[in-house]
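Chain by chain, the residues run as shown.
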Amino acid sequence: MNKFYITTPIYYVNDIPHIGHAYTTIAADVLARYKRLKGFDVYYLTGLDEHGQKIMEAAQAKGVEVQKHVDEMAEGFKKAWNKLEIKNDGFIRTTSEKHKKVVQEFFKKMMEKGDVYKGQYEGWYCIPCESYWTEIHLKDSPKNKDKKKYVCPDCGRPVKKVKEDTYFFKLSKYQDQLLKHFEENPDFLQPVSRKNEVLSFIKQGLKDLSISRTSFTWGVPIPGDDKHVIYVWFDALINYVSALDAFDGKNYKKYWPADVHVMGKEIIRFHAVIWPIMLMSVGVPLPKKVFGHGWWTVEGKKMSKTTGNVVDPIALAEEFGVDPVRYFLLREVPFGVDGDFSRASLIARFNADLANDLGNLLHRTLTMCEKYFKGEIPNPKNHKFDDLSKELVALSEKTIDEVDKSMNALAFSEALSKIWKVIGVANTYIEKEAPWKLAKAGETEKLEAVIFNLLEVLRITAILISPYMPSTGEKMLSELKASDIRELSFGKKLAGKKVAKGQPLFPRLEK
Ligand code: MSP
């Protein structure tokens, strides 16, 4: 059986999850569900990044003991993912003993390889991003032009000067090997638009990286030198193998290397430069793909607590339903491109795509099946009796393959628009075939074919949308009496079963 290992970043627990975190987690969940549907043995990992200065300071600001703080936050994340119907196989926390053990083992392996040396770091540090910056980075950054006080080139917040004893990791030693990997694996980093930026960063020359801190203790101690805690990004990246019980656990042997690490574009550098080199150092295969998606703004602005525009995915799901939120996020913008969230666009999509296109197709079809055949699914002699029917069947069949291509390319919005194309054509098919006329004229064979085709389109649609909208997919299949008929091919006869029409899937929102 083919395996598929997919991961999200592990999120910082300084705050509760917002729509941005939900976006990545839902996207990875959609792909994981789709791959399971296709028969893959999937491992979907998400989790939490609980160490480092930022988390420690967040707990201190609340006046709570750090471990207690991270435990509480972890419960919040788990609840949120549960509510959003995330079906993850693993949930890794960096404060777990299992993880800490692997981090130390990893560190030892790099030491043994001769890739770690002791020294002193003097430079700048951004606590919110937990990242080091040199004077040159800061000077060159457009964010620092005309400013008296340096700010982080990534997030724009003030950086701090640090000077401390540290262990360095020989990133520079692997520069050429990494460039070669990029050359030999053109699909390693996606979307391609992000590749040039990373390549030019590498070609500017990689500097050895400080990988331990001595000014606080909230982290994994370096084995044999516990004045140092391991740099939080180092600690965090290792989650992708510690969760699988590296280096000799059953899951590690089965699932590593990752098929895709999914993340926001701002942390590609860590995943496409530092992480691969860490793996090269310890002699482990690299992940097959790193995908950096775009960023959401809200009503045109960057989401932030100070602006007060942080969108809570749970409140949103409670208001609009889980499935519409999942659908909207993945349909609205191509994965990889930045998007803007607004209630107005969510409502517009809800009404147009879900209530109108999909909801009506299901409702009308089931109503006709009840009216003309007492709900019994017909078994037509020739379901491709005319050109319109042939076209509809051919389009459905083609779409199954096309959707597969889009899903494999993480082109979620594209996959959905292909599915909606069929829904649109099926709605037009109803108008053109006018089953009410066929009924009146007593053209029973044709009527059987039309209703059968529509039901079959709906069955396939239900399966294809189920990774995006799990409850909707299940509800549709159950109304079609097809819960156990999941073949993705047209023509499986549901004949003789009796459909069970339910309430409209998505009643229009009047807002
Ligand atoms: N802890 C690190 C990741 C370590 S992975 C080894 C981290 N955590 S984070 O909590 O800041 O999460 C960042 C991730 O959350 C982004 O990469 C992205 O997946 C998601 N997003 C956070 N805000 C987002 C938007 N506004 N828009 C889209 N995704 C966003 O970085």
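The following paragraphs examine the structure supplied in this document. These numbers were taken from a predicted model, which means no experiment stands behind them.

**Let's talk about the environment of Asp-353**
- Position of Asp-353 relative to the elements: it lies in helix 14 (residues 343-373).
- The exposure class of Asp-353 is buried, given its relative accessible area of 9%.
- As a C-alpha pair, Asp-353 and Tyr-327 span 26 residues in sequence and 9.7 Å in three-dimensional space.
- Within the structure, Asp-353 has its side chain in polar contact with the side chain of Tyr-327 (distance 2.6 Å).
- Here the side chain of Asp-353 touches Arg-349 through a polar contact of 2.8 Å, side chain to side chain.

**Here's the deal with the site of the ligand**
- Near the ligand there are 24 residues, and of these Ile-10, Thr-24, Asp-49, Gly-264 and Glu-266 occur at the shortest range.
- Ile-10 is positioned with one of its backbone polar atoms (N or O) 2.8 Å from a nitrogen atom of the ligand.
- Calculation on the ligand without its partners gives an accessible area of 670 Å², and the protein chains cover 94% of this total.
- Listing elements by their share of the shell around the ligand, those giving two or more residues are strand 1 (3-12), helix 1 (19-37), helix 8 (232-237), helix 9 (239-242) and strand 12 (260-264).
- Sorting elements by how many residues they give to the shell around the ligand places strand 1 first, with four residues.

**Concerning empty space enclosed by the protein**
- Scanning the model with the defined rule gives three cavities of 30 Å³ or more in all.
- Each pocket or cavity is described by its volume, and for the largest cavity that value is around 60 Å³.
- Along its surface, the largest cavity is lined by Ser-396, Thr-399, Ile-419, Val-422, Val-457, Ile-460, Thr-461 and Leu-464.
- Elements represented by at least two residues in the lining of the largest cavity include exactly helix 15 (387-408), helix 16 (412-433) and helix 18 (444-465).
- Element by element, the count of residues in the lining of the largest cavity is highest for helix 18, at four residues.
- Looking at the lining of the largest cavity, its residues break down into five nonpolar, three polar and no charged.
- Taken as a whole, the second largest cavity encloses approximately 40 Å³ of empty space.

**Description of the packing of aromatic side chains**
- Counted under the stated rule, the structure contains 31 aromatic pairs.
- Between Tyr-23 and Phe-335, the aromatic rings sit 5.6 Å apart at their centres with planes inclined by 65°, giving edge-to-face as the arrangement. Pair noted here: Tyr-23 is in helix 1 and Phe-335 is in the loop between helix 13 (322-332) and strand 16 (339-341), with a separation of 312 residues, a long-range link. Considered together, Tyr-23 and Phe-335 belong to a single accessibility category, that of buried residues.
- Aromatic pair Phe-169 and Phe-234: ring centres 5.5 Å apart, planes at 70°, arrangement edge-to-face. One end of the pair, Phe-169, is in strand 6 (residues 160-169); the other, Phe-234, is in helix 8, with 65 residues separating them in the sequence.
- Judged by its relative accessible area of 0%, Phe-169 is buried.
- An aromatic cluster is built from Tyr-5, Tyr-43, Phe-106, Tyr-240, Phe-247, Tyr-252, Tyr-255, Trp-256 and Trp-275, whose rings are joined through pairwise contacts.
- Directly above the aromatic system of Phe-201 lies the positively charged group of Arg-269, at a separation of 5.3 Å from the ring centroid.
- A cation over an aromatic ring shows up here: Arg-269 above the ring of Phe-270, its NZ or CZ 5.3 Å from the ring centre.

**Regarding helix 4 (residues 97-112)**
- End to end, helix 4 covers 23 Å across 16 residues, agreeing with the expected 22 Å (1.5 Å per residue, within 8%).
- Listed as buried for helix 4 are His-99, Val-102, Val-103, Phe-106, Phe-107 and Met-110. Burial along helix 4 is one-sided: seen end-on, the buried residues are contained in an arc of 140°. Of the residues in helix 4, the exposed ones pointing more than 90 degrees away from the buried face are Glu-97, Lys-101 and Glu-112.
- Positioned one or two residues after helix 4, Gly-114 has a phi angle of 80°, which is positive.

**Thoughts on the pairing of strand 1**
- Counting buried positions along strand 1 gives 10 out of 10 residues, so the element sits mostly inside the fold.
- The sheet contact formed by strand 1 and strand 2 (residues 41-49) spans eight bridges and is parallel. Bridge pairing links Lys-3 to Asp-41 in strand 2.
- Regarding the hand of the β-α-β motif, the stretch spanning strand 1, helix 1 and strand 2 is right-handed.
- Where strand 1 and strand 12 come together, two bridges link them in parallel fashion. Its bridge partner lying in strand 12, Thr-7 is registered against His-261.

About the thresholds
Residues numbered from 1 in each chain as written. Predicted model: local features only at pLDDT ≥ 70, side-chain atom pairs only at ≥ 80, totals over all residues. Heavy atoms only, no water. Helix = DSSP H or I, 4+ residues; strand = E, 2+ residues; numbered from the N terminus. Buried < 20%, exposed > 50% of the residue type's maximum accessible area, 1.4 Å probe, protein only. Polar contact = N/O pair within 3.5 Å; in protein donor to acceptor, adjacent residues only side chain to side chain. Near = heavy atom within 4 Å. Areas by Shrake-Rupley, 256 points an atom, 1.4 Å probe, with all protein chains shown as cover. 1 Å grid on protein atoms, 1.4 Å probe; cavity = no way out; pocket = protein on both sides within 12 Å on 5 of 7 lines; lining within 4 Å. Points joined across faces, edges and corners; volume = space filled by probe spheres on them. Nonpolar A, V, L, I, M, F, W, Y, C, P; charged D, E, K, R; others polar. Phe/Tyr/Trp six-rings, centres within 6.5 Å; stacked < 30°, edge-to-face > 60°. Lys NZ or Arg CZ within 6 Å of the ring centre and 35° of its normal. Expected span 1.5 Å × (residues − 1). Arc of directions from axis to C-beta. Pairing = 2+ DSSP bridges. Right-handed = clockwise from strand over helix to strand, strands pointing away.

Honestly, that's just the spatial picture; any functional story needs more than this.
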